[in-house]
Amino acid sequence: MASHVIILNATIPAPPSVVWDVITDVGRADQIFRSVSGSEKLTEGDYGVGTVWHEKRTLFGHHGEEELHVVECESERRSVVDTKLGHDTIRTAYRLTPQGASGGQTRFAMTTTMIESDRTPAEKLSWKFFGGFSYDRTKRMLEHDLQDLEAEVKRRTVPA
């Protein structure tokens, strides 16, 4: 059962290939996203189903660590990433859609869903009191991620 869903989207002034290169640059996420303080790719090869990386993020002033897994991937179009948080799964889906006659823009959609599984009674009670606060803070962090994504795409498309 999904307890929270956050949907963000933007039109980014670059083709999907450039946006894709940024969101799949998981080994450099700490240089792209302000909330990521460390990132290490744990698997070899190109980004795709089975890619795993370890990420350190700052949220609520807390430095948390997550292991992220690509569970679905259609290159330059769509990716779905899962991570475990206690008894829950956080699933983030990215969709890239070419825009404009020349495909020089990308409609970028990010949907993050918290999927509840086997919460303890204490976790359920805690969520009733703090879930809204967690939702607001997570949404703000994801909005920052979207801003950072757009900034990195612009850096990569500016002629040298």
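Keep in mind that this is a model prediction, so the values were computed, not measured.

Asker: Could you clarify how one ought to interpret the overall build of the protein chain in this entry?
Answerer: Looking only at helices and strands, the protein chain features three helices and seven strands. The N-to-C order of helical and strand elements in the protein chain reads β-α-α-β-β-β-β-β-β-α. Counting all 160 residues of the protein chain, 38% fall into the buried class. When the accessible surface of the protein chain is summed, it comes to about 9000 Å², and 52% of that surface belongs to carbon and sulfur atoms.

Asker: Would you explain the pattern of salt bridges in this entry?
Answerer: Pairing of side chains with opposite charge becomes possible as their charged atoms draw close. Counting across every chain of the model gives nine salt bridges. A salt bridge links D82 to R91, with the nearest nitrogen and oxygen atoms 2.6 Å apart. A salt bridge links R155 to E152; its shortest N-O distance comes to 2.8 Å. With R155 and E152 both in helix α3 (residues 121–157) and three residues apart, the pair spans about one turn of that helix. Judged by its relative accessible area of 7%, E152 falls in the buried class.

Asker: When you look at the pairing of strand β6 (residues 88–99) in this model, what are you seeing that I'm missing?
Answerer: Remark: a regular strand shows side chains that alternate across the two faces of the sheet. Two elements, strand β5 (residues 78–85) and β6, share eight bridges in a ladder whose sense is antiparallel. Bridge pairing links T83 to I90 in β6. What sits between the antiparallel neighbours β5 and β6 is a turn of two residues, in which G86 has the positive phi angle 65°. One ladder, built from 11 bridges, connects β6 with strand β7 (residues 105–115); its direction is antiparallel. Pairing of A93 across the sheet is with T111, part of β7. Adjacent in sequence and paired antiparallel, β6 and β7 are bridged by five residues, among which G100 carries a positive phi angle near 85°.

Asker: Explain the side chain of R57 here, please?
Answerer: As for its position among the elements, R57 is in strand β3 (residues 52–59). Side-chain polar atoms of R57 contact the side chain of S35, separated by 2.4 Å. A polar side-chain atom of R57 sits 3.0 Å from a polar atom in the side chain of D145.

Asker: Is there a simple way to explain the nonpolar core in this structure?
Answerer: Side chains that are nonpolar tend, in soluble globular proteins, to be buried together. In terms of nonpolar packing, the biggest core is built from 28 residues, with V19, Y47, W53, F108, L149 and V153 touching the most fellow members. Elements with a minimum of two residues in this core: β1 (2–12), α1 (16–23), α2 (29–32), β4 (62–74), β7 and α3. If we skip the residues at most four places from it in the chain, V19 touches I12, A14, L96, T106, F108, L149 and V153.

Asker: Whenever I open this one, the environment of K41 confuses me. Can you help?
Answerer: Of note, K41 is situated in strand β2 (residues 36–41). The exposure class of K41 is partly exposed, given its relative accessible area of 31%. Separated by 13 residues in the primary sequence, K41 and R28 have C-alpha atoms spaced 9.0 Å apart. Not counting residues within four places of it along the chain, the set of residues in contact with K41 comprises V26, D46, Y47, T51, V52 and W53.

What counts and how
- The residue count restarts for each chain, going from 1 along the sequence in the order it is written.
- Reporting in this predicted model follows two pLDDT cut-offs: at least 70 for local features of residues, and 80 or more for side-chain atom pairs to be given and counted; totals over whole chains, interfaces and linings ignore these cut-offs and use all residues.
- Only hydrogens and water are removed before side-chain values are computed, so all heavy atoms of the structure are retained for them.
- In this text, helices come from DSSP runs of H or I with a minimum length of four residues, and strands from runs of E with a minimum of two, each type numbered from the N-terminal end.
- The cut-offs for exposure are 20% and 50% of the maximum accessible area for each residue type, with area from a 1.4 Å probe on protein chains only; residues under the lower value are buried, those over the upper are exposed, and the others partly exposed.
- In short, Shrake-Rupley with a 1.4 Å probe defines the accessible areas, and a residue's cover is counted only from the protein chains shown.
- Any carboxyl oxygen of Asp or Glu that lies within 4 Å of a side-chain nitrogen of Lys or Arg is treated as forming a salt bridge with it.
- Each pair of strands is called paired provided DSSP finds at least two bridges between the two strands.
- The definition of a polar contact used here is a pair of N or O atoms within 3.5 Å, where within protein one atom must be able to donate a hydrogen and the other to accept one, and adjacent residues in sequence count solely through side-chain atom pairs.
- We define the nonpolar core as a collection of buried residues of types Ala, Val, Leu, Ile, Met, Phe, Trp, Tyr and Cys that are connected through side-chain atoms lying within 4.5 Å of one another.
- Contacts are assigned to residue pairs that have any heavy atoms within 4.5 Å of one another.

No statement about biological role is implied by the geometric values presented.
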